[in-house]
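Read off the chains here:
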Amino acid sequence: MLPSGSGQSSRLLLELLSDLRRLRIPYMAIGATAATFYGVMRASFDADAALAIQRHDPRLISLRNQLTKKGLVVTQQDGSPRDPIATMLRVTDRHQNRVDLLIGIRGMDPAAFSRTARGSLDGHPLNIVGLEDFVAMKIFAGNPQDLEDARGALKVSGKDVDLKLLRHLTARYGKPALKTLASLLSRD
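Reference entry: report on the structure contained in this document. (Residues numbered from 1 in each chain as written. Predicted model: local features only at pLDDT ≥ 70, side-chain atom pairs only at ≥ 80, totals over all residues. Heavy atoms only, no water.)

**Things to note about the layout of surface pockets**
Stage number 1. Reported here for the largest pocket is a volume of approximately 530 Å³.
Stage number 2. Surrounding the largest pocket, 27 residues form its lining, Ile30, Ile85, Leu102, Ala141 and Asp146 being those nearest its centre.
Stage number 3. Among the elements of the structure, helix 2 (31-37), strand 2 (46-51), strand 3 (73-78), strand 4 (85-92), strand 5 (98-105), helix 4 (131-141) and helix 5 (144-157) are those that each provide at least two residues to the lining of the largest pocket.
Stage number 4. A total of five residues in the lining of the largest pocket trace back to one element, the largest contributor, which is helix 4.
Stage number 5. Grouping the amino acids of the lining of the largest pocket by side-chain chemistry returns twelve nonpolar, seven polar and eight charged.
Stage number 6. Space inside the second largest pocket adds up to approximately 280 Å³.
Stage number 7. Looking at the second largest pocket, it is lined by 17 residues, and the ones nearest its centre are Ser9, Ser10, Ser44, Phe45 and Asp46.
Stage number 8. Among the secondary structure elements, those contributing two or more residues to the lining of the second largest pocket are helix 1 (9-22), helix 2 and strand 2.
Stage number 9. Here the lining of the second largest pocket gets three residues from one element, more than from any other, and that element is helix 2.
Stage number 10. Looking at side-chain class alone, the lining of the second largest pocket contains five nonpolar, ten polar and two charged residues. (1 Å grid on protein atoms, 1.4 Å probe; cavity = no way out; pocket = protein on both sides within 12 Å on 5 of 7 lines; lining within 4 Å. Points joined across faces, edges and corners; volume = space filled by probe spheres on them. Helix = DSSP H or I, 4+ residues; strand = E, 2+ residues; numbered from the N terminus. Nonpolar A, V, L, I, M, F, W, Y, C, P; charged D, E, K, R; others polar.)

Right, dumping it as structure tokens:
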């Protein structure tokens, strides 16, 4: 299932899922893949997933080793305690397709992995970040594209949102995030 050319980062993500399942590492697709699932169409050159694992877990070393054996380039970036992401594994293939695996997103509710939605990608099952977690994470990230993703997801899929849960999850990211959420909700 490895990609056969460039522009196939989602296919690379599907390839990585078999390794995540084999190592029993819970994951959820985030970023543009989740945005598309929630009705916000946009292009992206990479695919992103959050992993429910700690940076010192031996399974992370096993994952890096398995991916390297497949001929993939794996680089690990560890953030400082103030960074929003504790660790990121960037996985790139020979066609420059890229998947970023995020570990330890500051403020994210650990129960997010139990609230994933079941989607599919090219006919393969895929765990996708839940709507409320997606919107809260996008608000926390805060750049214009992230806020547009949150706004679009609320507009398209907002009838399904649990506002109490959304406010609770957004509060985990701080008062500025709650203020942004209030602004987004007042526009729709």
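So much for the structure itself; the text now carries on.
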